[in-house]
Each structure stands twice: as C-alpha cells, then as structure tokens.
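# Tertiary structure, described
Each chain is listed here by its residues.
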Amino acid sequence: MPMLPRAVLFSCVFAVFSGAQALAQGAPPAPPVTVAKPIVRDVVDSDEFIGRFQAVDEVSVRSRVGGYLQEVHFQDGAIVKQGDLLFVIDQRPFVTALNESTASLEVAKSSLTLADAQFKRAQSLSTTGSQSASTLDDRRRDLVSAEANVRGAQAAVDRANLDMDFTRITAPLSGRIDRRLISVGNLVQADQTVLTTIVSLDPIDFYFDVDERRLLSYADEARKNGSALQQGGGGLDVTVTIADQRQKPFKGKLDFAENRVDNETGTIRVRARFPNPDLILQPGLFGRVQVQGSNSYKAILVPDEAIGSDQNQRVVYVADTAGNITPKPVRLGPKLYGYRVIRDGMTGDETIVVNGLMRIRPGAKVTPQLIELPQQATNEEPPAQADVQGTNQ
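Quick summary incoming for the structure in this document. (Residues numbered from 1 in each chain as written. Predicted model: local features only at pLDDT ≥ 70, side-chain atom pairs only at ≥ 80, totals over all residues. Heavy atoms only, no water.)

## A look at the side chain of Gln 290
- If you trace the backbone, Gln 290 turns up in strand S16 (residues 286-292).
- Here Glu 48 takes part through its side chain, which lies 2.7 Å from a polar atom of the side chain of Gln 290. (Helix = DSSP H or I, 4+ residues; strand = E, 2+ residues; numbered from the N terminus. Polar contact = N/O pair within 3.5 Å; in protein donor to acceptor, adjacent residues only side chain to side chain.)

## Quick notes on the sheet that holds strand S6 (residues 79-80)
- In spatial order, the strands read S4-S11-S9-S6; together these 4 strands make up an open sheet with antiparallel pairing. Two strands in the sheet have a free side with no partner beyond their single neighbour: strand S4 (58-62) and S6.
- Both strand S9 (residues 175-177) and strand S11 (residues 194-199) contribute to a ladder of 2 bridges, which runs antiparallel. By the bridge assignment, Arg 176 is partnered in S11 with Val 199. (Pairing = 2+ DSSP bridges.)

## Here we look at the layout of surface pockets
- Size it by volume and the second largest pocket reaches roughly 280 Å³.
- If you go around the second largest pocket, you meet 14 residues; those closest to its centre are Arg 62, Arg 64, Phe 166, Ile 169 and Thr 170.
- Secondary-structure elements contributing two or more residues to the lining of the second largest pocket are S4, helix H3 (133-166) and strand S8 (168-170).
- It is S4 that contributes the most residues to the lining of the second largest pocket, 4 residues altogether.
- Here the lining of the second largest pocket is built from residues that sort into 6 nonpolar, 3 polar and 5 charged. (1 Å grid on protein atoms, 1.4 Å probe; cavity = no way out; pocket = protein on both sides within 12 Å on 5 of 7 lines; lining within 4 Å. Points joined across faces, edges and corners; volume = space filled by probe spheres on them. Nonpolar A, V, L, I, M, F, W, Y, C, P; charged D, E, K, R; others polar.)

## Describing the side chain of Asn 276
- By the element assignment, Asn 276 lies in the loop between strand S15 (267-274) and S16.
- The exposure class of Asn 276 is buried, given its relative accessible area of 2%.
- When neighbours within four sequence positions are excluded, Asn 276 is seen to be in contact with Leu 201, Asp 202, Pro 203, Ile 204 and Leu 281. (Buried < 20%, exposed > 50% of the residue type's maximum accessible area, 1.4 Å probe, protein only. Contact = heavy atoms within 4.5 Å.)

Structure, rendered in structure tokens:
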C-alpha cells in the first residue's frame, strides 16, 4: 500500500481534530422539560356504574266494573294527584241495579216486621196455653229467616253502591299520567282493560348492577356502619349524572340491594333513591352513578400528561437535580380533582416530568424547570368520574 505524503497526512489529522472541536463547541444544550412534585392529599375513591331511572310506584289504571266509557277528566301527560277523577263509566245500569236492590231491601224489612209481630204474638199466647209449642217454633223460624233476608238485601244494596262508586275511576297515586288508551264510547272490561298508566316522580329510584368484587367491598363498608347492603348500607351517599351536561350531579342515597347474586352475570342489582322536586329526572333515563368505594386515605395525584407508556405498562419519568431521567412503572387508579391517582410505584417525594415527555431520549439529560401543581386541576366537585370498567390499569 503506498504511503501518503507527510503534508497530506498532517492535513487529514488537523481536519479531524477541527471537526471534533467544532462538534463539541456546537453541541445542542439539554432540552428543557417542566417538572413538579406530585399532589399528595386526602381523597375518597368512587366507582362508576351505568344504570336507569325507574319510578318508585307505577300503576296500570283499570276499571273494577264493566261498561261503556262515558267521560275522560284529565289531559294526556298531566300531573295528577291521588284521588283526582280520571274516567267515568256509564252509570245508568248501575243506578237501576241500586234502585232494584234498595226496593228488595224494603220488602225484606217489611217481611221482618211481620215475622217479628207474629213471633211476639205466638210467644204471648204460648204462655197462657192458647198457642202450641210447634206454632211458636214456626214463628221463630220465620223471624230468623226474615232477619237473614234483610241482611242479604242490605249486602246487595252495599254492593250496588260500591259498583256505583267504581264507575268513577280516580287516581290511585300522585304522579305523571300517560295518554288515555281508550276513547269515549268503547266497552271497558272489568279488571282487564288498561285505561292509562301513572308513574310517581318524586322521589325516583335508580337501579344499577354491581360486580362481585365491588359488592364485597360495599358489603364490608356497610357492616362497619352497622347495617347491611340489602338495607341500603346505612344510607351511603351517591351521585348521578345524566346526558344533559348542563345539569349538575344529583345527590341521593343507597337504600336497597337484591338478596342474591345473579348466576349468569355475576352481578347484583342495587337501588339508590333521589329526591326529584323539579321533576327533571324521568323514568327510563340512563345515568352514571358514582358510589363511594373507600374511606378517606392519602393519595398520590399526577397529571395525565405526565404518564407515558413503555410497552405494556404505564410509567412516569423521575428527574434528578443533574437532569438525569429515570422511568418508573406505576399502577393507575381513578381520576380525582383533575389528576390521576397512582396506586403503586411512587412514594410522593419524587420530582416527575409533567410536560415535555416527547423531548426525553434514553440516556440523554434534560434541563428541568420546576413548577408547583395546583391542589385541584379542574372545577369538578369530588368525587370525579372513575373508569366504568374499573379503576385498575
């Protein structure tokens, strides 16, 4: 191999040295990132479930007597009070039946008067021997039979009066009435034809299903409160939100749970009751209910933007004073006060990167810029919404 001239070799060495020196002088500085201490504060976890509102009371209005519908006394969809007149069945056949039964009662009373007078006369004559004992017995039998006839006739009158009352169909409870399901002039079958329905609105119930794991947790909390989950767990406070985001969460109390777990779904149905004075909540509406899932405890809270991914696990990046970055695997919990709860992986003393995760490179240093996180990142009232499928990730 031919050797390079000395001048050429010196020029190459100088060029390499100059390039290295220029690279060292022009090297970019460590990228700046924002770091902060996590929030550590007392929190209460909440679990979220999807459910549906149902009326506390619901009734299908039927007539107790048959006949032709004559009058309707309500407006479709109106609020009615218990005892309000709703329908009237044609009363003419029942008036006739009442008059007939009243007349039969008068006849029975007249027969009773006669039987009583004959018995007293026979009883008086029997004391002097002018009347036989068998005749006295006959008069006593006629008297007893006449008394029974009066009672039967009175029962017929009472029944006729009751049927007359049943021709006026009133609201059995207060609430929102549906439309009339039958028009005037149609035949109403006794105890069969549904005329309309009424649902109560205040208060209103909310039903949702709880899985076995959280069921056992709630039941344990209820026992600590000296109650049972089936009896409401001691009136555990819950909140529910509906699709209309303009409405604030509604506050209610847990008041019932079924007495067995469903074999097919592995869940148990739970009920909460909510006051509804403004009648905003309607039967059939869907909602998301938040149930207190723990007692108060110290929690580590970090912003969602401070959480990164490393293959199949979530990590936060811890920065030291020299700008060295160390990834730290964590287990996430629900979102509270606008932050994410860290279940495991942090002690709360770390300084973590909260902005600038895209600038972090393995083995590279950064320029940390320390800030202080507010105690509450949003204006949401706790408890904030947790993940519907659970809180562990």
